[in-house]
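Residue-level listing of the chains:
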Amino acid sequence: MSYPVDRRRFLRTVGAGAAALSGGAALASCGGSDEPSTTTLTWWDYFTLDNFQPGMTRLIKDIEAGVPDVRIERRTFPFAELERQITLGAISGDLPDIAIVDNVSMNTLGGSDLLADLTDRVEEWGQADQYYKGPWDGCQVDGRTLGIPNQSNCLALYYNTRMLQDAGVKPPTTWAELASTAERLTRGERYGLALSAIRTEEGVFQFLPFLWQAGGDLDTFATYGATALSFLDDLVAKGSLSEQCVGWTQQDVNTRFLNQRAAMQINGPWQIPTLKEADFDWAVVALPRDKEAATCLGGENWVLTASSKHLDKAWEVLEYTQRPSVLTPYLVSFGNLPARKDLADRGAWASDPALRLFLSQLPLARPRQYGPHYADASQAVAEAEQAVLTGTAAASAAARTAAGKIDKALGER
């Protein structure tokens, strides 16, 4: 399901803003008809919630004022629909010039020849080294640069400071400490730890750090997947983690933490605005490590479609959005982290301790870049976690079963 923005109202709004920002020249281009040289670029994204609209409207006004002779026509889709609409658009011929897509979508879209190859443009631009490795790697497919990181996020461990103080424990830094701390913090209807193990990409997003921390990856799931699954299963067996986590989204997890029915939670920086309204003190630390430290990279990428008739102008827009003076207010309005290292000392993330913690983890954040059949591998991981945490399969057996499906998916490149 999709819906277009009210184009007449939208253009009237951005036209007024552009006129205010650019004076007479903008006024002339926003009059009764466009100048012949004006290029209209279509733009798709999935930021449909009301709280995203002021920041997005401001960004588009800024682009139309700062990039000569360009007009943006934006269309939004529900999160789960955007990738499918782009794929369908390849058949119908209805594709945007520009899109903001989830970084996981690079697995599917990157291997379909739908996205424009930006390699030469990026090389000439000369700013690739300004980005954190994880976000930038997430835009690389088969040696080509197919996108520019829009914003990034990752996972960390939130904790209720009073609960840890009362229990006489410190924030855990290792798996062993996480297990013992969660056990000590579990009391009555309160669990020591909450996380999402739902049978979707949300749950896999939260599981993969455990796999990587154990020293493994998807291609060694039979061994290291079993280790990670066993660790989580033990938390459930000891009552430190609710079995109900198999049905929790990350928002559900945060609600448990806010209701103080979980002393710790694994979650991302997008929860910080809500947590700032909590009536208790909390803090955030890096995810506890096992053999190594790791967290999972989330966020979006800018992409251009290969079929666009306006690639030069669309690239000009992308390049403009990455200017610090443009990018910083946009990211702040969304509550997002920058994917650029040179923005680390700007915006709210420069002074907010929680945001700075997440920012410090971006160099460790790994993209889920596994090829066009990643969705099948992800589903196998989700099924294994569900089976183990609900007690229907042992960790070793579930890991072996999942490994067979994962190996098949990863081999179909």
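Keep in mind the model is a prediction, meaning the values are calculated, not measured.

Caption draft 1: Structural detail: the packing of helix H10 (residues 201-213) against helix H17 (residues 374-389). Two elements in contact, H10 and H17, have axes separated by 9 Å at closest approach and are oriented at 80°. Looking at the two axes, H10 sits roughly perpendicular to H17. In this structure, H10 contributes Glu-201, Gly-203, Val-204, Phe-207 and Leu-208 to the contact, and H17 contributes Tyr-374, Ser-378, Val-381, Ala-382 and Glu-385. Tallied by class, the residues present in the contact of H10 with H17 amount to 6 nonpolar, 2 polar and 2 charged.

Caption draft 2: Just the domain arrangement of the chain, in detail. Here the chain is described as being made up of domain 1 (39-152 + 298-366) and domain 2 (154-296 + 369-411). Computed from C-alpha atoms alone, the centre-to-centre distance between domain 1 and domain 2 is 28 Å. Contacts between the two partners involve 21 residues from domain 1, matched on the other side by 27 residues from domain 2. Buried area between domain 1 and domain 2, summed over both chains or domains, comes out near 1,800 Å², and the portion from carbon and sulfur atoms is 62%. Its largest share of buried area at the contact with domain 2, domain 1 owes to Asn-107, Phe-358 and Arg-366, together 41% of the area lost on that side. Counting every contact that joins domain 1 to domain 2 gives 2 salt bridges. In this structure, Arg-366 engages Glu-292 in a salt bridge whose closest nitrogen and oxygen atoms are separated by 2.6 Å. Counting every contact that joins domain 1 to domain 2 gives 7 residue pairs in polar contact (both at pLDDT 80 or more).

Caption draft 3: Inspection of the sheet that holds strand S11 (residues 282-285) at higher detail. Taken in spatial order, the 4 strands make up an open sheet running S9-S10-S8-S11, and their pairing is mixed. Across the chains shown, the open sheet's two edge strands, defined by having one partner strand only, are strand S9 (191-194) and S11. Each adjacent strand pair in this sheet contributes to an overall mean axis angle of 20°, direction not counted. Note: strand S8 (residues 156-160) against strand S10 (residues 262-267), 4 bridges, orientation antiparallel. Paired with Tyr-159 across the two strands is Met-264, which belongs to S10.

Caption draft 4: Quick peek at the nonpolar core. Among the nonpolar cores identified, the biggest contains 71 residues, and Trp-43, Met-56, Ile-63, Ile-86, Ile-148, Trp-282 and Tyr-330 are the most heavily contacted of them. Split by domain, this core shows at least three residues from each of two domains, domain 1 (39-152 + 298-366) and domain 2 (154-296 + 369-411). In this structure, Trp-282 is in contact with Tyr-158, Tyr-159, Thr-161, Phe-257, Ile-272, Leu-275, Lys-276 and Ala-354, ignoring residues within four places of it in sequence. By size, the runner-up hydrophobic cluster in this structure holds 64 residues, among which are Trp-212, Ala-228, Val-285 and Ala-403.

Caption draft 5: Structural detail: the environment of Ala-387. With respect to the helices and strands, Ala-387 occurs in helix H17. Linking Ala-387 and Lys-341, residues 46 residues apart in sequence, is a C-alpha distance of 40 Å. Non-local contacts of Ala-387, meaning those with residues more than four positions away in its chain, are made with Thr-392 and Ala-393.

Caption draft 6: The arrangement of the pairing of strand S3 (residues 70-76) in detail. Burial of S3 is extensive: 5 of the 7 residues sit out of reach of the surface. The pairing of strand S2 (residues 39-45) with S3 spans 7 bridges and is classified as parallel. Bridge pairing in S3 links Trp-44 to Arg-75. Traced from S2 through helix H3 (residues 53-66) to S3, the parallel crossover comes out right-handed.

Caption draft 7: Representation of the packing of aromatic side chains in the model. A full pass over the atoms with the stated rule returns 21 aromatic pairs. With centroids separated by 5.3 Å and ring planes inclined at 50°, the aromatic side chains of Tyr-46 and Phe-47 adopt a geometry described as tilted. With centroids separated by 4.5 Å and ring planes inclined at 20°, the aromatic side chains of Trp-175 and Phe-231 adopt a geometry described as stacked. Pair noted here: Trp-175 is in helix H9 (residues 175-185) and Phe-231 is in helix H11 (residues 221-237), with a separation of 56 residues, a long-range link.

What counts, and where the lines are drawn
Residues numbered from 1 in each chain as written. Predicted model: local features only at pLDDT ≥ 70, side-chain atom pairs only at ≥ 80, totals over all residues. Heavy atoms only, no water. Axes fitted to C-alpha atoms, helices over the stretch in contact; angles between N-to-C directions. Helix = DSSP H or I, 4+ residues; strand = E, 2+ residues; numbered from the N terminus. Parallel < 35°, antiparallel > 145°, perpendicular 65-115°, else oblique. Contact = heavy atoms within 4.5 Å. Nonpolar A, V, L, I, M, F, W, Y, C, P; charged D, E, K, R; others polar. Domains from an automatic or database assignment. Buried area = accessible area lost by both parts, 1.4 Å probe. Salt bridge = Lys/Arg side-chain N within 4 Å of Asp/Glu carboxyl O. Polar contact = N/O pair within 3.5 Å; in protein donor to acceptor, adjacent residues only side chain to side chain. Pairing = 2+ DSSP bridges. Core = buried A, V, L, I, M, F, W, Y, C linked by side-chain atoms within 4.5 Å. Buried < 20%, exposed > 50% of the residue type's maximum accessible area, 1.4 Å probe, protein only. Right-handed = clockwise from strand over helix to strand, strands pointing away. Phe/Tyr/Trp six-rings, centres within 6.5 Å; stacked < 30°, edge-to-face > 60°.

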